[in-house]
Structures are given as C-alpha cells and as structure tokens.
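Fold and geometry: a report
Each chain, written out:
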Amino acid sequence: MADQTEPMRLVVVGAAGRMGKSLIRAVSEMPGVVLHAAIEREGSPFLGQDSGVVAGLMPNGIPVTADALTAFVSAQGVLDFTAPAATVEFAALAAQARLVHVIGTTGLAEPDMAKLKAAARHSIVVQSGNFSLGVNMLAALVKQAAKSLQIDWDIEIVEMHHRMKVDAPSGTALLLGEAAAQGRGVSLSNAAVKSREGHTGARAEGAIGFQALRGGSVVGDHTVIFAGNGERIELRHIAEDRGLFAQGAVKAALWGWKHGRSGYYTMSDVLGVGA
C-alpha cells in the first residue's frame, strides 16, 4: 500500500448518477480522502464537465472522463455503485492496479460474485448491499433473532424504494435475508420466496419471504417481520438521505486502505458487528 500520510486518492465511477454525485460530495466532506478521478461511460453527456459542478458543488478542477484505466493506475481506491457488468469490468482493473474496490452495486448474479471474489485475490474488495451503520446493525439483530426463534416463526422482508430503482429485491433486502438464513443455518437460495401470485397454497415452513414496493422518492425502507402464533416482532430501518450510504462507502474505503490485505470483505467486517 502507498504512503498513508497523504489523503487516499479515490476514483468515483458512475460519477453522474444518483449515488455517484453523493459519493463525490461525501469525498469532498470527509478528511483523509481526496477525489482523484470521476468516471462515466463512453458517450455520456457529462464527459468533460467539472465533476464538482455535476455533483452540485463548486468546481473542483476534475473533469468527468471515460478513461478508467488511466485513473485506476495512479489511484488507491474506487467507489463503485454502477451496474453488474460495469462492476465486473472495474473489478478486473482494480485487481490489476491493487486497489481498494468498494462495491455497492446491486443485482449481482452468482457468476458476477465469483468474478469479484476472484479479483479479491489481488485487490481489497469491500462489497455490501448497504453501507449504513444502521442497516448493518439491523442485520446483526436479524441474524440473532433468526437463530433464537423457532422454525415456526415465519420471516418476511418488506422493502420500498423510489420509482426509478431497477432491481428487486433490493440489495439491502437480500443482505437482511442472508442474515436471517445464516441465523437459521440454511442457504438463502433454498429458503427464499421472492414472488407470490395466484393460488400458492400454504406458506412453506422455514421460508424467507420478500416483498418489493416501488414508488415516489423513497430512499430506502426495510422491515423484517418475525411472525409467530399470536405475536409478531418487526425490526425496521428507514433511510432518509442516501448521503449516509456514500459516507459509509468512503469509510469502507479508508478501512480497506488501512487494513492493507487483499481479500473479499463486507461491511460487517468494516464495522465489526459480525452480521
């Protein structure tokens, strides 16, 4: 790792998107880091524009570019909330450059995850469905509750996001589902029920159900329901500002930089909450 007496040089990919702008703002506000480059796809109308202005800040002198390779070579970390195909490509570049790669991209399939974990042999990958402290604490509570309660307590995860979100269930809902599955000692892929329609029959014992709601400008609302006979427990997290995700991602990058050992990590490693 490079000299850590200087601020960590971070690249924001997907710089003109909702999270990209939030990430640029978070980097500008947090000590110990500096924006090194802002990347957008080829053909983006934002190419050449000042990334500070794009993010709603004062000009910072760093133009938006499509040249990720050049940016990665002289950087120390990359903040990536893009799309699965792009994230896989960025993971290969980050591995070549031995960077800290913070990934908040959702909708990643199993083959994508395999490629990220392969890249983590040479880089420091910190990947999470959600980078907020509150959500990761919620995941820890969900894991404990699922471990402590009997199998006859049904688990349902309900999430709501803004109308523009393109994947469902959300990455956070899947993170919470994984925590519940770990608590029960089962595989989420075997226990998950992600859609119900028509005459479905009785609920299968041990199922972990998901419901996805979309509308308005909701940043993120997640509820995990443990439904027993005659009683119910609901654990809920409400996100009111996506800036908290960006701040958590920057903190994760700093953690990875100081940690200094290649490998695949999650936000529970960063926070030490064991979810």
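Residues numbered from 1 in each chain as written. Predicted model: local features only at pLDDT ≥ 70, side-chain atom pairs only at ≥ 80, totals over all residues. Heavy atoms only, no water.

**Quick word on the sheet that holds strand β10 (residues 220–227)**
Taking strand neighbours across the sheet as the criterion, the 5 strands line up as β8-β9-β7-β10-β11 in an open arrangement whose pairing is mixed. Two strands in the sheet have a free side with no partner beyond their single neighbour: β8 (192–193) and β11 (232–239). Its contacts with the sheet place helix α6 (residues 133–148) against β7 (154–161), β10 and β11, and it is angled at close to 165° to β11. (Pairing = 2+ DSSP bridges. Helix = DSSP H or I, 4+ residues; strand = E, 2+ residues; numbered from the N terminus. Contact = heavy atoms within 4.5 Å. Axes fitted to C-alpha atoms, helices over the stretch in contact; angles between N-to-C directions.)

**Brief notes about the packing of aromatic side chains**
Both the distance between ring centres and the angle between the ring planes are used here to describe each pair of aromatic rings. The tally for this structure, following the rule as stated, stands at 3 aromatic pairs. Ring centres 6.0 Å apart and planes at 40° place the aromatic pair Phe72 and Phe90 in the tilted group. One end of the pair, Phe72, is in helix α3 (residues 68–73); the other, Phe90, is in helix α4 (residues 84–97), with 18 residues separating them in the sequence. The exposure class assigned to Phe72 is buried, which follows from its relative accessible area of 1%. (Phe/Tyr/Trp six-rings, centres within 6.5 Å; stacked < 30°, edge-to-face > 60°. Buried < 20%, exposed > 50% of the residue type's maximum accessible area, 1.4 Å probe, protein only.)

**Brief notes about the nonpolar core**
By size, the foremost hydrophobic cluster in this structure holds 38 residues, and its most contacted members are Leu79 and Val102. For this core, the secondary-structure elements that each account for two or more residues are β1 (8–13), α1 (18–29), β2 (33–39), β5 (100–103), β6 (124–127), α9 (243–259) and α10 (267–271). In terms of residue count, the dominant contributor to this core is α9 (8 residues). With near-sequence residues (within four places) excluded, Leu79 lies in contact with Leu10, Val11, Val12, Val13, Leu23, Val27, Val102, Ala249, Val250 and Ala253. (Core = buried A, V, L, I, M, F, W, Y, C linked by side-chain atoms within 4.5 Å.)

**Focus: the pairing of β11**
Where β10 lies against β11, 8 bridges are found, and the strand directions are antiparallel. Its bridge partner lying in β11, Phe226 is registered against Ile233. Count of turn residues in the β10/β11 antiparallel hairpin: 4 residues, of which Gly230 carries a positive phi of about 85°.

By themselves these figures say nothing about function.
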